[in-house]
Amino acid sequence: MNTGKPDNNDEALRQVLQRWEVKGPLPAGFSSEVWRRIERTQRPQDQTAIHWLTNLLDHALIKPSVALTYLMALLVGGSVLGWFQAQRDKSQTHELLGQRYVQRIDPYQRTR
Amino acid sequence: MIRSITVLAAGLVVGVGAYLGLYFAGTSSRREMLHSQTPELLWLKNEFNLSDAEFERVSRLHDGYLPQCTQMCARIAAKDAELKALLSQTNVLTAEIEAKLTEASQLRLECQKNMLKHFYEVSRTMKPDQGKRYLAWVQEKTFLPDHGMAGEQEAGQVHEHAAER
């Protein structure tokens, strides 16, 4: 099946490329541009992912609806987390003070 | 790009601000309690919905009881030390150890009577339903301190029932 992609092992293509002669001057910075492209294709996957994510955020957060949703999500998330943490701490303190009251009034728990 | 970074940073500020706001608002009563001179009494006030007048009476009873309690603590510690000294001297049950054990149990009896008297006085200063709840709670915490063992026993019974099935 022809995938439309060049086949590196194609002998005929290789021969044609070897016979190919460049006539006329190359554009300025041609060589460095070629190396830059090669470098870009060989860049590690995580760097590409970061680049992709940065691009996505950059394009998404410009839209007011996305930016508002993001702000609201953080507002609600922060509020819920703060509330739960407060409830947990309150409940721990409640338990602790109950124990402290018992220790104050029971000599046997004081001397332990 | 600058706009995106601004939105990102604003989101973080909003999130952290919301967290801190809700946390501090939610724990204000806790902080107030912990910074008071008698946090355990404030806890009692909250837990058993005491009015200011009831709280005043409970505080007076508590202050009156504490010196007795402290004195009892000193006697218990002294008795424990005496018993410990006797136990370290021998490996048989001597008459002296037996006498000391009797004294220790008499001290425990005296201590429990004092405590119970205090609990009844405190419960009478509360509203009847709260007083009843207070008595049940405080007795559970002081007179029935071996509830862990009872729990283990119950767990054992559960295992036995499960094995029978």
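Scroll up a little and you will see the structure.
The text that follows walks through the structure, step by step, so that each part is easy to find. (Residues numbered from 1 in each chain as written. Chains lettered and ligands numbered in written order. Predicted model: local features only at pLDDT ≥ 70, side-chain atom pairs only at ≥ 80, totals over all residues. Heavy atoms only, no water.)

## As for the overall build of chain A
So, point 1. Scanning chain A for helices and strands turns up five helices and zero strands.
So, point 2. Starting at the N terminus and walking to the C terminus, you meet the elements of chain A as α-α-α-α-α.
So, point 3. In chain A, which comprises 112 residues, the share counted as buried stands at 17%. (Helix = DSSP H or I, 4+ residues; strand = E, 2+ residues; numbered from the N terminus. Buried < 20%, exposed > 50% of the residue type's maximum accessible area, 1.4 Å probe, protein only.)

## What about the pattern of salt bridges?
All names here are of chain B.
So, point 1. With the rule as written, the count across this model stands at 12 salt bridges over all chains.
So, point 2. Asp 52 serves as the salt-bridge partner of Lys 45, at 2.9 Å between the closest nitrogen and oxygen.
So, point 3. For Glu 110, the salt bridge is made with Arg 75, and the minimal N-O distance between the two is 3.1 Å. Of this pair, Glu 110 sits in helix H5 (residues 95-125) while Arg 75 is found in helix H4 (residues 52-89), placing the two residues 35 residues apart along the sequence.
So, point 4. Among the residues examined, Glu 110 registers a relative accessible area of 32% and is labelled partly exposed. (Salt bridge = Lys/Arg side-chain N within 4 Å of Asp/Glu carboxyl O.)

## Focus: a nonpolar patch on the surface
All names here are of chain A.
So, point 1. On the surface, Leu 13, Leu 17, Trp 20, Val 22, Leu 26, Phe 30, Val 34, Trp 35 and Ile 38 cluster together to form a nonpolar patch covering roughly 930 Å² of accessible area.
So, point 2. Among the elements that make up the nonpolar patch, the one with the highest residue count is helix H2 (residues 30-41) (four residues).
So, point 3. Looking at where Val 34 falls in the secondary structure, it is placed in helix H2.
So, point 4. The exposure class assigned to Val 34 is partly exposed, which follows from its relative accessible area of 34%. (Patch = residues over 30% accessible without salt bridge, like charges linked within 9 Å, V, L, I, M, F, W, Y side chains within 5 Å. Areas by Shrake-Rupley, 256 points an atom, 1.4 Å probe, with all protein chains shown as cover.)

## With respect to unusual backbone geometry
So, point 1. Phi is positive for Asn 49 of chain B, close to 45°, though the residue is something other than glycine.
So, point 2. For Asn 49 of chain B, the location among the structural elements is in the loop between helix H3 (39-47) and H4.

## Comments concerning the interface of chain A and chain B
So, point 1. Facing 36 residues of chain A, the contacting portion of chain B comprises 47 residues.
So, point 2. Interface of chain A and chain B: buried area, both sides summed, is about 3,700 Å²; carbon and sulfur atoms make up 70% of it.
So, point 3. By the criterion of area lost to chain B, the three top residues of chain A are Tyr 101, Ile 105 and Tyr 108 of chain A, representing 20% of everything that side buries.
So, point 4. Put simply, chain A and chain B have one salt bridge between them.
So, point 5. For Glu 40 of chain B, the salt bridge goes to Arg 104 of chain A, with nearest N and O atoms at 3.1 Å. (Contact = heavy atoms within 4.5 Å. Buried area = accessible area lost by both parts, 1.4 Å probe.)

## Here's the deal with the side chain of Thr 142 of chain B
So, point 1. Within the element layout of this structure, Thr 142 of chain B appears in helix H6 (residues 128-142).
So, point 2. Once residues within four sequence positions are removed from consideration, Thr 142 of chain B is found in contact with Val 102, Asp 106 and Gln 109 of chain A together with Met 115 and Phe 119 of chain B.

## Quick word on the packing of aromatic side chains
So, point 1. All chains considered together, the criterion is met by 12 aromatic pairs over all chains.
So, point 2. Considering the side-chain rings of Tyr 19 of chain B and Tyr 23 of chain B, the 6.1 Å spacing of their centres and the 10° angle between planes classify their relative orientation as stacked. Residue Tyr 19 of chain B and its partner Tyr 23 of chain B are located together in helix H1 (residues 2-26), separated by four residues, close to a single helical turn.
So, point 3. For the ring pair Phe 119 of chain B and Tyr 134 of chain B, a centre distance of 6.4 Å and an interplane angle of 85° mean the geometry is edge-to-face. Linking Phe 119 of chain B in helix H5 with Tyr 134 of chain B in helix H6, this pair joins segments that are 15 residues apart in sequence. Across the pair, exposure class does not vary: Phe 119 of chain B and Tyr 134 of chain B are buried alike.
So, point 4. One residue, Lys 45 of chain B, lies across the ring of Phe 55 of chain B, its end atom 5.4 Å from the ring centre.
So, point 5. One cation-aromatic arrangement involves Arg 108 of chain B over Tyr 108 of chain A; the distance from NZ or CZ to the ring centre is 4.0 Å. (Phe/Tyr/Trp six-rings, centres within 6.5 Å; stacked < 30°, edge-to-face > 60°. Lys NZ or Arg CZ within 6 Å of the ring centre and 35° of its normal.)

## Notes on the environment of Lys 117 of chain B
So, point 1. Tracing the sequence through the fold places Lys 117 of chain B in helix H5.
So, point 2. Spatially, the C-alpha atom of Lys 117 of chain B lies 10.0 Å from that of Tyr 65 of chain B, the residues being 52 residues apart in sequence.

## Regarding the packing of helix H4 (residues 64-105) of chain A against helix H2 (residues 28-35) of chain B
So, point 1. As a packed pair, H4 of chain A and H2 of chain B sit with axes 9 Å apart at the nearest point and diverge in direction by 30°. It follows from the interaxial angle that H4 of chain A and H2 of chain B lie roughly parallel. Between H4 of chain A and H2 of chain B lies a crossing of left-handed hand. Contact residues: H4 of chain A offers Asp 89, Lys 90, Thr 93 and Leu 97 of chain A, while H2 of chain B offers Ser 29, Arg 30, Met 33 and Leu 34 of chain B. (Axes fitted to C-alpha atoms, helices over the stretch in contact; angles between N-to-C directions. Parallel < 35°, antiparallel > 145°, perpendicular 65-115°, else oblique. Left-handed = near helix turned anticlockwise from the far one by under 90°.)

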